[in-house]
Amino acid sequence: PGSSGSSRRSPVVGLTASARAGLAETMRSTPENWRAADDYLADTLVGHDPALEATLSAQRAAGLPDIEVAPVSGKLLNLLVRISGARRVLEIGTLGGYSTIWMARAVGEHGRVVTVEAEADNAAIARTSIDAAGVGDRVDIRIGRAADVLPTLVGGFDLVFIDADKESNTVYLDWAARLGHPGTVVVLDNIGREGEIARADSTDPMVIGTRDALRMLGEDPRFDATALQTVGLKGWDGVAIALVV
Ligand code: DHB
Ligand code: MG
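Scoring rules and cut-offs
Residues numbered from 1 in each chain as written. Chains lettered and ligands numbered in written order. Predicted model: local features only at pLDDT ≥ 70, side-chain atom pairs only at ≥ 80, totals over all residues. Heavy atoms only, no water. Donors = N, O, S within 2.8 Å, 3.2 Å for Na, K, Ca; no water. Helix = DSSP H or I, 4+ residues; strand = E, 2+ residues; numbered from the N terminus. Buried < 20%, exposed > 50% of the residue type's maximum accessible area, 1.4 Å probe, protein only. Axes fitted to C-alpha atoms, helices over the stretch in contact; angles between N-to-C directions. Parallel < 35°, antiparallel > 145°, perpendicular 65-115°, else oblique. Left-handed = near helix turned anticlockwise from the far one by under 90°. Contact = heavy atoms within 4.5 Å. Nonpolar A, V, L, I, M, F, W, Y, C, P; charged D, E, K, R; others polar.

Chemist: Just checking my understanding: could you explain the coordination of the magnesium ion (ligand 2) for this structure?
Modeler: Metal coordination angles in their ideal form are 109.5 degrees for the four-donor tetrahedron and 90 or 180 degrees for the six-donor octahedron. On the protein side, the magnesium ion (ligand 2) has Asp163 (OD), Asp189 (OD) and Asn190 (OD1) as donor atoms, found 2.0 to 2.2 Å from it. Read from N- to C-terminus, the donor residues coordinating the magnesium ion (ligand 2) fall into the pattern D-x25-D-N. Taken together, the residues Asp163 in the loop between strand E4 (159-162) and helix H8 (169-179) and Asp189 in strand E5 (residues 185-189) connect sequence positions 26 residues apart. For Asp163, a relative accessible area of 16% corresponds to the buried category.

Chemist: Would you mind showing me how to read the packing of helix H3 (residues 50-61) against helix H5 (residues 98-106) here?
Modeler: Two measures define how a pair of helices packs: the angle their axes make with one another and the distance between the axes. Running from N to C, H3 and H5 cross one another at 155 degrees; their axes reach a closest spacing of 9 Å. Taken together, the axes of H3 and H5 are roughly antiparallel relative to one another. Seen along the crossing, H3 lies across H5 with a hand that is right-handed. Where H3 approaches H5, its residues Ala51, Leu52, Thr55 and Leu56 are matched on the opposing element by Tyr98, Ile101, Trp102 and Arg105. The residue inventory of the contact of H3 with H5, partitioned by class, reads six nonpolar, one polar and one charged.

Right under this line is the structure:
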């Protein structure tokens, strides 16, 4: 639209040589371009969100690591909660509360998110941000190591998001199945790890923990699962999605 000539002409063919070179540069698969495309998708589909941006500012000001999910992935979690109709959500790994807020918005007024955080300082930052986002009454933060906290929880969770220490992923998957029910959605973050998951000889405990979790999702009859690699703001990574059957 708005260009001269035939509408059937390829837009790339219609460019000058230097514009074509610039486009080729833009379209190279590099971490910078993954980020640019992710920014574009977030601008287009997620938009400006003052409560979530304040959550990230508070997290950074407190010196917490920048390892929260990307905006497009936070929105994915929000949509998965709504698509599945989940009312009771369990999150393992609160950090600064960014993904917690995305999911708390999705469970509805009478829904609940129980989120487990090992670090009391992180939990305090998260509490402030979650309350400021207006969903504090839906979110129950449990402080302690998840392996200790999970056995104390009452089950019945409809969706479980696992995003904590990767070494314990199989323990968390086991609890997700025990605290869920047939139909529970399980989302496991960081299954890509820059392709390291394909290395059977890796000695990185995070890679080993992730590979063990993926093997469990493939073999444990309680789950039916798949996984998707992603590139974007967070580099090359991915997410596994499972159904408790
Ligand atoms: C790490 C953890 C995460 O949950 C994540 O999304 C990215 C990185 C990490 O511990 O390095
Ligand atoms: Mg993560």
